[in-house]
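Per-entry structural report
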Amino acid sequence: MTDRTKRFEAAALPHLDAAYNLARWLLRDDQNARDVVQEAYLRAFRFFDGFNGGDARPWLMRIVRNASYSWLHDSGRHADGVEFDEDKHSQEQVSDSALDRPNPEQALLQKIEAARLDAAIEDLPLAFREVLILREMDEMSYDEIAQVVAIPVGTVMSRLARARALLRAALCQERGETNGR
Amino acid sequence: MVDDAESGALSAAIKRKATRHAAPPGLRQGIHAAVARAAPSEKSSGWPGWRWLQMASTLACAILASVLMTRIVLAPEDLVRVNDEVVAAHVRSLMVAHLEDIASSDQHTVKPWFAGKLDFSPPVNDFADQGFPLIGGRLDYIDKHFAAALVYRRHGHVINAFVWPVRDADKAKALSETRDGFNLVAWSVSGLQFWLVSDVNSEELRAFSQLLRGAKNSAQ
């Protein structure tokens, strides 16, 4: 094993679970996520010389994220928000009734089943899903997320707020339906 | 702007309940093999070879410079060496699906497991309540000592806590630093050397080291 290979593996492999998790959430498919992550790692290895040290995670996650987007693009699934329109999405209405219920919401969130939460996250538009995953699961800073997604920090914050609002609305709405209201 | 504090319940629910998809078994090896296959091809003439060579030499200079700087600025040779060993052991534990020899979150299972294998008794405690669940133990070899490796998890990250005996107080070491992107914290107490390594952030690792230092050598 060459020295460069060793350094690459030492820098990149510790983030494999995070990389796979991101690809899996973006692609919503085990096998595709697996293929994309392997391809992304190979790509990262080829461009490892361009990595200027420091924390490898944002650098690697950006490659994994871009590889996931390429895959979605090539497989003709742009409808899922690959061509993202910030303005259009930001103007979508979330029903106020869903947002103005903090207390029932807390109780709901404490009881919510993992499967329902997963399904609701999977239903979020891609651009919101990715910032949410990076923030809540990988606990990345706004700055790191901005690097991964290649958007300004302000946009990270507004997308994150939007992602949470959409998720809340989806969860509350679901509950309303199951209660027969 | 919706602040994080305001979205606490939602964040907590996602962190606690939403699925974290772990890399499937075999993916690590698949990448390892693919990278190994890709590595020699860079030297062959199929690639625009001399460009790579140029990049490689630039990189080599950069590495040499950074290695020299690290050596001068950071620490005496032996700290550097032990750090390297600890990082290598950590990476290896993640790489070859050999994270633990005994997988258990029960300190009363893990601690006796070491009993027949080491000539010292490492403190084993589960810190699940503080967010650092014990996931198992392993034998390792660091700084010419058989060492206990206690494996903890923090938000999906792995923390390896290496413990080995120091017979000579002069050789006890303490540090807190970052190396190859990993955070390291070391200290010694009661004749035992502790060395933590993980990719969790340095504050969290330090907080974890405080937990370990504060814990009694329970489950004796």
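Residues numbered from 1 in each chain as written. Chains lettered and ligands numbered in written order. Predicted model: local features only at pLDDT ≥ 70, side-chain atom pairs only at ≥ 80, totals over all residues. Heavy atoms only, no water.

**Overview of the overall build of chain A**
Helix and strand counts for chain A stand at 11 helices and zero strands. When the helices and strands of chain A are listed from N to C terminus, the series reads α-α-α-α-α-α-α-α-α-α-α. Across the 181 residues that make up chain A, the buried fraction comes to 54%. Taking the intrachain contacts of chain A between residues at least 6 apart in sequence as the baseline, contacts between residues at least 24 apart amount to 72%. Carbon together with sulfur atoms contributes 47% to the accessible area of chain A, which is approximately 8,000 Å² in total. (Helix = DSSP H or I, 4+ residues; strand = E, 2+ residues; numbered from the N terminus. Buried < 20%, exposed > 50% of the residue type's maximum accessible area, 1.4 Å probe, protein only. Contact = heavy atoms within 4.5 Å. Areas by Shrake-Rupley, 256 points an atom, 1.4 Å probe, with all protein chains shown as cover.)

**Quick notes on the interface of chain B and chain A**
Accessible area lost upon the coming together of the parts serves often as the stated size of an interface. Listed per partner, the contact involves 45 residues of chain B and 48 residues of chain A. Together chain B and chain A conceal approximately 4,500 Å² of surface at their shared face, both sides included; 63% is due to carbon and sulfur atoms. When the area that chain B buries against chain A is broken down by residue, the three leading residues are L10(B), K17(B) and H21(B), summing to 15%. One can count one salt bridge joining chain B with chain A. The tally of links from chain B across to chain A stands at 12 residue pairs in polar contact (both at pLDDT 80 or more). Within the residue set of the side of chain B that touches chain A, elements represented by two or more residues are α1 (8-17), α2 (27-41), α3 (49-73) and α4 (77-95) of chain B. With nine residues, α2(B) is the single largest residue contributor to the side of chain B that touches chain A. (Buried area = accessible area lost by both parts, 1.4 Å probe. Salt bridge = Lys/Arg side-chain N within 4 Å of Asp/Glu carboxyl O. Polar contact = N/O pair within 3.5 Å; in protein donor to acceptor, adjacent residues only side chain to side chain.)

**Observations regarding the packing of aromatic side chains**
The tally for this structure, following the rule as stated, stands at 14 aromatic pairs over all chains. On the basis of an interplanar angle of 10° and a centroid distance of 5.7 Å, the ring pair of W164(B) and W195(B) is categorised as stacked. Residue W164(B) is found in strand β4 (residues 157-165), and its partner W195(B) is found in strand β7 (residues 192-198); the two are separated by 31 residues along the sequence. Judged by its relative accessible area of 1%, W164(B) is buried. Given the relative accessible area of 0%, W195(B) is considered buried. By way of ring pairs, the aromatic residues F8(A), Y41(A), F45(A), F48(A), F51(A) and W59(A) are connected into one cluster. In this arrangement the basic side chain of R65(A) is found over the ring face of Y69(A), its NZ or CZ atom lying 3.9 Å from the centre. (Phe/Tyr/Trp six-rings, centres within 6.5 Å; stacked < 30°, edge-to-face > 60°. Lys NZ or Arg CZ within 6 Å of the ring centre and 35° of its normal.)

**Points about helix α1 (residues 3-12) of chain A**
Burial within α1(A) is extensive, with seven of its 10 residues counted as buried. Burial in α1(A) covers these residues: R4(A), T5(A), F8(A), E9(A), A10(A), A11(A) and A12(A).

**Structural notes on the side chain of D140(B)**
Residues and elements named next belong to chain B. Turning to its location among the elements, D140 is positioned in strand β2 (residues 134-142). Here R138 takes part through its side chain, which lies 3.2 Å from a polar atom of the side chain of D140. With sequence-adjacent residues up to four places away left out, D140 is seen in contact with A89, R92, H145, F146, A147 and F162.

**A closer look at the nonpolar core**
Within the largest apolar cluster, 86 residues are counted, with the highest numbers of intra-cluster contacts made by Y41(A) and W195(B). If one sorts the elements of this core by residue count, helix α2 (residues 16-27) of chain A sits on top with nine residues. Within the second largest apolar cluster, 25 residues are counted, among which are V124(B), V163(B), V185(B) and L192(B). (Core = buried A, V, L, I, M, F, W, Y, C linked by side-chain atoms within 4.5 Å.)

**A look at the sheet that holds β2(B)**
Residues and elements named next belong to chain B. In spatial order, the strands read β1-β2-β3-β4-β7-β6-β5; together these seven strands make up an open sheet with antiparallel pairing. Of all strands in the sheet, those bounded by a partner on one side alone are β1 (102-103) and β5 (175-179). Where helix α6 (residues 202-214) meets the sheet, it contacts β3 (145-154), β4, β5, β6 (182-189) and β7, and its direction lies at approximately 20° from that of β6. (Pairing = 2+ DSSP bridges. Axes fitted to C-alpha atoms, helices over the stretch in contact; angles between N-to-C directions.)

**Quick notes on the pattern of salt bridges**
In the structure shown here, the tally under the stated rule is 13 salt bridges over all chains. A salt bridge links R179(B) to D84(B), with the shortest nitrogen-to-oxygen separation between them at 2.7 Å. Residue R179(B) is located in strand β5, and its partner D84(B) is located in helix α4; the two are separated by 95 residues in the primary sequence. Looking at R179(B), the relative accessible area reads 12%, which means it is buried. Members of the salt-bridge network, linked through shared partners, are R24(A), D30(A) and E122(A).

**Here's the deal with α1(B)**
Along α1(B), the positions that sit buried rather than exposed are L10(B), S11(B), A13(B), I14(B) and K17(B). One side of α1(B) carries all its buried residues, which in axial view fall inside an arc of 165°. (Arc of directions from axis to C-beta.)

**Overview of the pairing of β4(B)**
Residues and elements named next belong to chain B. Within β4, nine of the nine residues are buried, which leaves it mostly tucked inside the rest of the structure. Of the two faces of β4, the one carrying H157, I159, A161, V163 and P165 and the one carrying V158, N160, F162 and W164 are both buried. Turn length for the β3-β4 hairpin, with the two strands adjacent in sequence and antiparallel, is two residues, and the turn residue H155 shows positive phi of about 50°. Note: β4 against β7, seven bridges, orientation antiparallel. By the bridge assignment, F162 is partnered in β7 with W195.

**Observations regarding the confidence of the model for chain A**
With 79% of its residues at a pLDDT of at least 70, chain A reaches an overall mean of 83. Mean pLDDT across the elements of chain A bottoms out in helix α6 (residues 96-99) of chain A (48) and peaks in α2(A) (96). (pLDDT = per-residue confidence, 0-100.)

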